[in-house]
Amino acid sequence: MAPSLPGKQPHWRPDIEGLRGLAVLLVVGFHAGFPLLRGAFVAVDVFFVLSGFFLTSALLRELVADRTVSLSDVYGRRVWRLMPALIVVLGATLLMSTFLFAPIDRADVASNLRPVAFFTGNLVFASEGVNYFTAGENPLLHLWTLGVEYQLLLFWPAFLVLLAWIARRRARGSESSGASSSARRMIIVQTLLVGIATAGAVSFALSLWLSTAAPMWAYFGPHTRLWAFAAGGAMAFIAGAGQSVFGASVRAITMAQIAGLLAIIVPAFLYSRTMPYPGVIALVPVGGTMLLLAGGALSSSTRFGRALASPLLTGLGRLSYAWYLWHWPLMVLGSVFAPTIGPWGRLAWGGVALLLAIITRHTIERPFERRVTPLFNRNDFGDPFTWAIGVSSALLLAASWAETRATRYVERSVHRKFAAAREDRMQHSCWARKAARNPKADCSFGDRSSSTTLVLLGDSHAEHWLGGLDRAGREHGWRVEARVMGGCPVSDFSRLTSGATRRRYRECSQYRERMLQRVIEERPRAVILSSYDYYVPATDADVDEYLVSVEAWQEGLRRTYARLSAAGIPVIVMRGTPQVPFDVPSCLSRRAERLLFATDCTYERDRDFTVRARQAQDAAARGLPVRFVDMNDQVCATRRCATTRRGIVMFTDDNHLTASFTRSLAPVLGARVERALQQEPILAVRTAADAAVR
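Residues numbered from 1 in each chain as written. Predicted model: local features only at pLDDT ≥ 70, side-chain atom pairs only at ≥ 80, totals over all residues. Heavy atoms only, no water.

**Q** Explanation requested: the overall build of the protein chain in the structure shown.
**A** Secondary structure assignment for the protein chain yields 29 helices and ten strands. In terms of overall size, the protein chain behaves like a compact globule, its C-alpha atoms giving a radius of gyration of 29 Å where 694 residues would be expected to give roughly 26 Å. The principal-axis extents of the C-alpha atoms in the protein chain amount to approximately 95 × 50 × 50 Å. When the 694 residues of the protein chain are sorted by exposure, 56% land in the buried category. Within the protein chain, residue pairs in contact and separated by at least 24 positions form 80% of the contacts whose partners lie at least 6 positions apart. Split by element, the accessible area of the protein chain, about 28,700 Å² in all, is 58% carbon and sulfur. Of the side chains in the protein chain, 77 bear a positive and 53 a negative charge, and the two mean positions are spaced by 5 Å. (Helix = DSSP H or I, 4+ residues; strand = E, 2+ residues; numbered from the N terminus. Rg over C-alpha atoms; globule rule 2.2 N^0.38 Å. Buried < 20%, exposed > 50% of the residue type's maximum accessible area, 1.4 Å probe, protein only. Contact = heavy atoms within 4.5 Å. Areas by Shrake-Rupley, 256 points an atom, 1.4 Å probe, with all protein chains shown as cover. Lys, Arg positive; Asp, Glu negative; His and termini not counted. Charge placed at Lys NZ, Arg CZ, Asp CG, Glu CD.)

Below, the structure is given as structure tokens:
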């Protein structure tokens with residue numbers, strides 16, 4: 001995400017400025033969480049195409065005319081076009097995290113700021129396997145795009161200069177055969193175009209491959225985004241000086257604009273985060289942007305061009321960079337203050353960010369452009385690239401100091417307990433992917449010498465009972481075998497879904513099938529099944545590609561229950577545990593620090609959804625010898641629920657129980673599992689918790 005670049009510019013086009021405004025609106029709406037804009041992340045590709053278009057246009061005249069291009073000047077001036085606002089936002093984010101975030105979260109913000117300050121945040125996020133669509137607590141996550149921009153900024157001018165050098169050698173060879181100057185220029189242009197097309201093709205091939213082989217590297221990598229940049233570079237040859245691909249045909253330009261806008265807007269509504277991206281489907285928004293560029297200066301003369309060139313969109317376009325920088329940190333801050341603010345609440349914080357963007361534009365960016373940039377242009381202020389490295393180093397040092405300070409404070413205070421809760425899980429290598437890499441991993445818990453085997457099968461909500469089952473197994477003489485995969489429920493709905501949902505759960509379906517076959521072959525004393533309840537919508541209005549219908553969920557549960565029961569294996573189903581509307585360790589840390597808007601960290605159970613989930617389980621088990629174990633009276637037996645019990649933090653986040661807490665429940669858990677093994681009818685233990693949800 002970047003504004004137009006300084007230096008020699010193509011013909012200024014208000015419709016492109018308006019396109020920036022439209023793209024940033026889509027990005028803000030997506031980050032606000034509006035379900036209808038679930039695919040609006042494609043707007044980022046609009047900015048990559050525009051960046052390639054402007055940067056190539058700025059260099060093209062010098063390269064074709066055989067003028068010397070100073071790469072240090074190109075790098076330095078373009079970096080400093082973006083640095084002032086970035087410095088302000090990074091500094092403000094560091095201050096916000098220091099004084100308003102939970103103490104246990106401050107070190108992470110500072111740690112993320114370090115690579116961002118040197119424009120390598122995207123590489124760090126990719127190497128850490130960060131999922132862009134589920135890591136919303138990181139206020140700097142959106143700056144991965146700047147990392148891509150800067151990395152391509154370093155590569156692209158040098159690449160074009162290299163192509164121009166090769167072209168000039170070819171052109172000099174043609175001079176001996178009497179080629180005209182125009183012919184020599186054509187050789188240079190052709191060489192540049194072939195080089196750009198080749199680089200784009202290689203990048204696109206990498207994008208296709210990595211979108212399935214290494215999705216995070218595909219999403220965050222500059223090598224998989226280069227082809228969008230190259231597409232903009234190719235358009236610089238065609239329309240960089242304001243010329244139209246379609247000549248003077250207003251009708252043709254209009255049709256291209258309609259197609260281009262649809263190619264950007266329709267995916268914003270129809271694409272989903274489960275689709276491999278960027279890949280083939282990214283051709284649509286990239287192609288749409290190219291169509292909008294192709295009209296040249298005449299684009300603003302059409303009805304759609306005038307709409308894009310409206311004062312509202314062009315105004316947002318001028319503010320797009322600053323707004324992009326500000327909107328996500330403030331949305332994250334709003335969620336820290338009120339975790340349940342929802343899309344409209346986050347959009348309100350986006351409005352605050354727009355006000356800050358206006359202030360930043362008029363007090364930081366424009367004065368800097370008018371007063372400091374001319375000093376760089378005259379070399380009165382030294383090498384701009386050296387200055388940029390110096391400022392980034394200062395930011396890195398500030399972030400390192402803040403991280404060290406935050407870490408030491410947590411280690412020496414009550415917050416140490418809350419930080420430990422985040423990692424309070426059983427340590428093992430039994431997750432599906434880890435176990436696949438290490439077939440010899442010991443996934444036995446409890447009494448490992450016992451001949452009585454219980455298999456624990458399910459997702460992370462099965463795994464969070466492992467602490468309690470480990471202790472209960474030692475007390476009751478069970479060996480507990482863990483077969484767990486994050487995000488993989490026991491409901492076999494694979495044949496009942498299609499499209500994005502089926503793609504999302506394909507790996508899970510394959511894993512579950514292998515594990516069911518293995519359980520049937522091993523014939524354990526019983527299998528304990530447990531899953532997160534919220535794979536189905538909490539309400540009928542919820543829309544998400546990760547969700548499955550209640551009907552498909554119920555039928556999938558029945559398929560799993562019936563298959564195991566038909567094999568003569570006793571089935572014990574653990575009832576789901578509550579979803580908390582906030583991150584528990586963070587809330588407890590903020591409360592202990594007595595920060596602004598800190599709450600008491602209690603919550604009210606979602607009783608309606610609990611009933612819905614239980615009804616699906618009961619209906620799926622009807623007529624089958626399935627036993628249920630319900631521990632919710634131990635988690636919360638009242639309408640208002642606490643998040644600590646006898647000094648133990650109960651949750652690692654907003655839905656997973658800590659190993660320490662489930663271990664403390666081992667006596668009750670063991671007794672209830674033992675009763676289930678004895679085939680006592682415990683469809684549900686009648687408790688105050690049951691009365692509260694029925």
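**Q** What exactly am I supposed to notice about the state of the cysteines here?
**A** Two cysteines form a disulfide when their sulfur atoms are joined by a covalent bond. Tallied over the full model, the rule gives four disulfides. Shown here is the disulfide that connects Cys430 with Cys443, its sulfur atoms set 2.2 Å apart. Of note, the bridge from Cys430 to Cys443 carries an S-S torsion of about -115 degrees and is left-handed in sense. With Cys430 in the loop between helix H17 (415-422) and helix H18 (432-437) and Cys443 in the loop between H18 and strand E1 (444-446), this residue pair connects regions lying 13 residues apart in the sequence. Considered together, Cys430 and Cys443 belong to a single accessibility category, that of buried residues. Paired through a disulfide, Cys488 and Cys508 show a sulfur-sulfur distance of 2.1 Å. One quick way to see it: the torsion about the S-S bond of Cys488 and Cys508 is about 80 degrees, and its sign makes the bridge right-handed. Here Cys488 is found in the loop between strand E3 (479-484) and helix H21 (499-504), whereas its partner Cys508 is found in helix H22 (residues 506-522), with 20 residues between them in sequence. (Disulfide = S-S within 2.5 Å.)

**Q** Quick question: what am I supposed to make of the pattern of salt bridges here?
**A** If charged atoms from side chains of opposite charge come close, those side chains can pair. Here the structure, examined in full by the defined rule, presents 21 salt bridges. Close ionic contact of Arg225 with Asp45 constitutes a salt bridge, the shortest N to O distance being 3.2 Å. You can see Arg225 sitting in the loop between helix H8 (215-220) and helix H9 (226-239) and its partner Asp45 sitting in helix H2 (residues 43-64), a full 180 residues away along the chain. Among the residues examined, Arg225 registers a relative accessible area of 1% and is labelled buried. Judged by its relative accessible area of 1%, Asp45 is buried. Between Arg639 and Glu604 there is a salt bridge; the shortest N-O distance is 3.7 Å. With Arg639 in the loop between helix H26 (632-635) and strand E8 (640-641) and Glu604 in strand E6 (residues 603-604), this residue pair connects regions lying 35 residues apart in the sequence. Residue Glu604 is classed as partly exposed on the basis of its relative accessible area, which comes to 39%. (Salt bridge = Lys/Arg side-chain N within 4 Å of Asp/Glu carboxyl O.)

**Q** Help me out: how do you make sense of the sheet that holds strand E2 (residues 453-458) in this one?
**A** Sheets are built from strands that pair by backbone hydrogen bonding, the pairs being arranged parallel or antiparallel. Strands sit in the order E1-E3-E2-E4-E5-E7 across an open sheet of six strands; the sheet is mixed. Where the open sheet ends on each side, the last strands, each with one partner, are E1 and strand E7 (626-629). Within this sheet the neighbouring strands show an average axis-to-axis angle of 30 degrees, counted without direction. Of the pairings in the sheet, the one linking E2 to E3 comprises six bridges and is parallel in character. Considered in E3, the bridge of Gly458 is made with Val484. Set on the sheet, helix H20 (residues 466-476) makes contact with E1, E2, E3 and strand E4 (526-530); between it and E1 the angle comes to about 65 degrees. The strands touched by helix H28 (residues 666-677) within the sheet are E2, E4, strand E5 (571-574) and E7, with E7 carrying the most contacts at an inclination of about 170 degrees. (Pairing = 2+ DSSP bridges. Axes fitted to C-alpha atoms, helices over the stretch in contact; angles between N-to-C directions.)

**Q** For this particular structure, what's the right way to read the environment of Gly233?
**A** Mapped onto the elements, Gly233 comes out in helix H9. Discounting chain neighbours no more than four positions away, the residues touching Gly233 are Gly52, Phe53, Thr56, Trp156 and Ile196.

**Q** Before we go on, may I ask you to explain H22 in this structure?
**A** Residues spaced three or four apart along an α-helix point in a common direction, a consequence of the helix completing one turn every 3.6 residues. A rise of 1.5 Å per residue sets the reference length of H22, with its 17 residues, at 24 Å; its end C-alpha atoms lie 25 Å apart and thus fit the reference within 8%. Restricting attention to buried positions, one finds in H22 the residues Cys508, Ser509, Tyr511, Arg512, Met515, Leu516 and Val519. In a view along the axis of H22, the buried residues occupy a sector of 165 degrees, so they form one face of it. Directly beyond the C-terminal end of H22, a positive phi value near 50 degrees is found at Arg523. (Expected span 1.5 Å × (residues − 1). Arc of directions from axis to C-beta.)

**Q** I tried to follow the pairing of E2 on my own but got confused; where do I start?
**A** Residues in a regular strand point their side chains to alternate faces of the sheet. Burial analysis of E2 places six of its six residues in the buried class, which makes it a mostly covered element. Burial along E2 is two-sided: the face carrying Thr453, Val455 and Leu457 and the face carrying Leu454, Leu456 and Gly458 are both buried. Note that E2 and E4 share five bridges and pair parallel. Paired with Leu454 across the two strands is Ala526, which belongs to E4.

**Q** How should I be thinking about unusual backbone geometry in this particular structure?
**A** One can expect most non-glycine residues to show negative phi and most peptide bonds to be in trans. The omega torsion of the bond from Tyr277 to Pro278 falls at -5 degrees, within 30 degrees of zero and hence cis. Among the secondary structure elements, Pro278 is positioned in the loop between helix H10 (250-270) and helix H11 (283-294). Unusually for a residue other than glycine, Phe119 sits at a positive phi of about 60 degrees. Within the chain, Arg646 stands out as a residue other than glycine whose phi angle is a positive 50 degrees. On the secondary structure map, Arg646 appears in the loop between strand E9 (644-645) and strand E10 (648-649).

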